[in-house]
Amino acid sequence: MSVPERLTVAVGLLDLRPEDRVLEIGCGRGVAAGLILERLPRGEFVGLDRSEVAVAAASGRNAEAVSAGRATFVHTALADADPDALGRFDKILAVDVNVFWTGPAARELEVVTRLLRPSGSLVLCYVPPDPDPAQVTKVKGLLLTHLSDAGFIATATTHALADGASMLAVVGAVAQLPGG
Ligand SMILES: C[S@@+](CC[C@H](N)C(=O)[O-])C[C@H]1O[C@@H](n2cnc3c(N)ncnc32)[C@H](O)[C@@H]1O
């Protein structure tokens, strides 16, 4: 299976270091997981998805890394994920996981805050189904508002893909309190 360009671009935005701990929310069938694992010789990858079918497919696709203890796939909705069990991550990625813009996602972003290391970053990427620039602007505004409301500092960029589509990316970090 060829790797969609949107996933290559999204993984590039993670600015991975070889020893990073990386979480992917909504890992689907584990295609981005494979790309990330190639860049994590000393790191660790965890993928979570609310679809049991997706988790089984992702585990199968990345079976070697799972056997080696470098990758784990967890069947859970983000809102129900247990930060005490999963630990903390340097990078958290979600591609085309709509919960962050369709509503405030307060519970989901609270969980993300608990999963991120203090210097960690959250990367949310979307190829909006409706390419109308007004719709893309609307999604961007909603994402930035929801992240700000949850205590993140975030910036948005757009990336032109070869097929003419445009990918929206929002990179966020938890705002640090003075002295925190
Ligand atoms: C459109 S697919 C994208 C899959 C993959 N990220 C990709 O870009 O190819 C969205 C995936 O996110 C999962 N998902 C959506 N909302 C979720 C949530 N709140 N918690 C966990 N997984 C979620 C879905 O089950 C699905 O596998």
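What comes next concerns the included structure. (Residues numbered from 1 in each chain as written. Predicted model: local features only at pLDDT ≥ 70, side-chain atom pairs only at ≥ 80, totals over all residues. Heavy atoms only, no water.)

1. Here's the deal with helix H8 (residues 133–149)
Taking 1.5 Å per residue as the helical rise, H8 with its 17 residues ought to reach 24 Å, and the 24 Å between its terminal C-alpha atoms agrees with that figure. Residues of H8 that are buried include every one of Gln135, Val136, Val139, Leu143, His146 and Leu147, and no others. One side of H8 holds all its buried residues, which, seen down the axis, span an arc of 100 degrees. The exposed residues of H8 that point more than 90 degrees off its buried face are Pro133, Ala134 and Asp149. Contact partners of the buried residues in H8: helix H6 (99–102), helix H7 (106–115), strand E5 (116–126), strand E6 (152–160) and strand E7 (166–174). The N-terminus of H8 is capped by aspartate 132, whose side-chain oxygen sits 2.9 Å from the backbone nitrogen of alanine 134. Just downstream of H8 lies glycine 151, where phi reads positive at about 95 degrees. (Helix = DSSP H or I, 4+ residues; strand = E, 2+ residues; numbered from the N terminus. Expected span 1.5 Å × (residues − 1). Buried < 20%, exposed > 50% of the residue type's maximum accessible area, 1.4 Å probe, protein only. Arc of directions from axis to C-beta. Contact = heavy atoms within 4.5 Å. Polar contact = N/O pair within 3.5 Å; in protein donor to acceptor, adjacent residues only side chain to side chain.)

2. What about the site of the ligand?
In the vicinity of the ligand, 15 residues are found, and the nearest of them are Arg6, Gly26, Asp49, Leu78 and Val95. Within the backbone of glycine 26, an N or O atom sits 2.8 Å from a nitrogen atom of the ligand. Protein contacts shield 76% of the accessible area of the ligand, which totals 590 Å² for the unbound molecule. Contributing elements (two or more residues each) for the shell around the ligand: helix H1 (5–12) and strand E2 (44–49). (Near = heavy atom within 4 Å. Areas by Shrake-Rupley, 256 points an atom, 1.4 Å probe, with all protein chains shown as cover.)

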